[in-house]
Amino acid sequence: MNEYESIELEGKEYIIITEVKVDNMMYVYLVNHQDPKDICIRKVINKDGIDTLVGLDNDEELEKALKLFEANHNN
């Protein structure tokens, strides 16, 4: 059985399925281990010297993150 890194967001436990770094920005792709249809994408920003997960800024950034995921997992 594989072990995955998990994180709690908004009271739910999510599993990190992958991370993609581009242009000094790290995007983190997450799935709720109890509901595989519940997915989210966050980005890592450094706030006061601490890496923090935050939501994406807008629909354009969401499209960018989705295209990055596809490009990095297109097998």
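Residues numbered from 1 in each chain as written. Predicted model: local features only at pLDDT ≥ 70, side-chain atom pairs only at ≥ 80, totals over all residues. Heavy atoms only, no water.

Colleague: Please give an account of the pairing of strand E5 (residues 50-54) that cites residues and values.
Modeller: Pairing geometry for strand E4 (residues 35-47) and E5, over five bridges, is antiparallel. Across the sheet, the residue bridging to Lys43 is Val54, located in E5. Hairpin remark: E4 followed by E5, antiparallel, with two residues in the connecting loop; positive phi at Asp48, about 55°. (Pairing = 2+ DSSP bridges. Helix = DSSP H or I, 4+ residues; strand = E, 2+ residues; numbered from the N terminus.)

Colleague: Describe the pairing of strand E2 (residues 12-22), with residues and values.
Modeller: Where a strand is regular, its side chains alternate between the two sheet faces. Where strand E1 (residues 6-9) meets E2, four bridges bridge the pair, whose relative direction is antiparallel. Among the inter-strand pairings, Leu9 is bridged to a residue of E2, identified as Lys12. Where E1 folds back on E2, the antiparallel hairpin that results is connected by two residues, among which Glu10 adopts a positive phi of roughly 50°. Hairpin connection from E2 to strand E3 (residues 25-32): two residues lie between these consecutive antiparallel strands, with Asp23 at a positive phi of about 50°.

Colleague: Please set out unusual backbone geometry residue by residue, giving values where relevant.
Modeller: If you check the backbone angles, Asp23 has positive phi at about 50° while not being a glycine. With respect to the secondary-structure elements, Asp23 resides in the loop between E2 and E3. For Asp23, a relative accessible area of 65% puts it in the exposed group. (Buried < 20%, exposed > 50% of the residue type's maximum accessible area, 1.4 Å probe, protein only.)

Colleague: Report on the side chain of Lys43, specifying residues and quantitative values.
Modeller: Its place among the elements puts Lys43 in strand E4. Classification of Lys43 as buried rests on a relative accessible area of 6%. A distance of 3.1 Å separates polar atoms of two side chains, one belonging to Lys43 and the other to Glu61. Ignoring any residue separated from it by four or fewer positions in sequence, one finds Lys43 in contact with Met25, Met26, Tyr27, Thr52, Leu53, Val54, Gly55, Leu56, Asp57 and Glu61. (Polar contact = N/O pair within 3.5 Å; in protein donor to acceptor, adjacent residues only side chain to side chain. Contact = heavy atoms within 4.5 Å.)

Colleague: How would you summarise helix H1 (residues 59-72) if you had to cite specific residues and measurements?
Modeller: Taking 1.5 Å of rise per residue, 14 residues should cover 20 Å, and H1 covers 20 Å from first to last C-alpha, within 8% of that figure. Three or more residues of H1 are buried, namely Glu61, Ala65 and Leu68. For H1, the arc enclosing every buried residue in end-on projection is 60°, short of the 170-degree limit, so these residues lie on one face. Away from its buried face by more than 90 degrees, H1 exposes Asp59, Glu60, Lys67, Glu70 and Ala71. (Expected span 1.5 Å × (residues − 1). Arc of directions from axis to C-beta.)

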